[in-house]
Amino acid sequence: MGTKTAPSLSTIERILDEVDEWYGRVRQIRHKLARLKRGSPAYLDLLPGLEVELGVLKNKADWAARALEEYEESLPDDD
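Model, not experiment: these values are computed from the prediction.

Asks: Tell me what's going on with the side chain of serine 40, and back it up with residues and numbers.
Replies: Tracing the backbone through its elements, the reader meets serine 40 in the loop between helix H1 (9-34) and helix H2 (41-74). Looking at serine 40, its side chain comes within polar contact range of the main-chain oxygen of lysine 37, at 2.9 Å.

Asks: Which residues make up H1, and what values go with them?
Replies: With 26 residues, H1 should cover 38 Å at 1.5 Å per step; its first-to-last C-alpha distance of 37 Å lies within 8% of that length. Listing the buried residues of H1 in full gives Ile12, Ile15, Val19, Trp22, Gly24, Val26, Ile29 and Leu33. Lining the buried residues of H1 we find H2.

Asks: Before we move on, could you go through the environment of glutamate 69 and cite the residues and values that matter?
Replies: Structurally, glutamate 69 is set in helix H2. The spatial distance from the C-alpha of glutamate 69 to the C-alpha of proline 7 is 9.6 Å, given a sequence separation of 62 residues.

Asks: Tell me what's going on with the packing of H1 against H2, and back it up with residues and numbers.
Replies: Between H1 and H2, whose axes approach to 9 Å, the crossing angle comes to 160°. If you check the angle between H1 and H2, you find them roughly antiparallel. The two elements H1 and H2 cross, and the hand of that crossing is left-handed.

Asks: Just give me the short version of the packing of aromatic side chains, but keep the residues and values in it.
Replies: According to the stated counting rule, one finds zero aromatic pairs in the structure shown. The ring of tryptophan 22 carries arginine 25 above its face, with NZ or CZ at 4.0 Å from the centroid. One cation-aromatic arrangement involves lysine 60 over tryptophan 22; the distance from NZ or CZ to the ring centre is 4.9 Å.

So, how was this worked out
Residues numbered from 1 in each chain as written. Predicted model: local features only at pLDDT ≥ 70, side-chain atom pairs only at ≥ 80, totals over all residues. Heavy atoms only, no water. Helix = DSSP H or I, 4+ residues; strand = E, 2+ residues; numbered from the N terminus. Polar contact = N/O pair within 3.5 Å; in protein donor to acceptor, adjacent residues only side chain to side chain. Expected span 1.5 Å × (residues − 1). Buried < 20%, exposed > 50% of the residue type's maximum accessible area, 1.4 Å probe, protein only. Contact = heavy atoms within 4.5 Å. Axes fitted to C-alpha atoms, helices over the stretch in contact; angles between N-to-C directions. Parallel < 35°, antiparallel > 145°, perpendicular 65-115°, else oblique. Left-handed = near helix turned anticlockwise from the far one by under 90°. Phe/Tyr/Trp six-rings, centres within 6.5 Å; stacked < 30°, edge-to-face > 60°. Lys NZ or Arg CZ within 6 Å of the ring centre and 35° of its normal.

Right under this line is the structure:
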């Protein structure tokens, strides 16, 4: 069984860029929703897409958090 290598800071930054990108997608849908009457057919039509984008955002944020944790765990102790 091999040892696991911690991600580099540049890798973590790229992952965080993806989190930012997906947050932008969620924000765009929210802006569209804000211009529509709540509960209208057009409003309701946007909800499935919002759900998908939120799911991807959640997965990417979880991935970023794990990568950051792995990086922090790889740092030498300051004891």
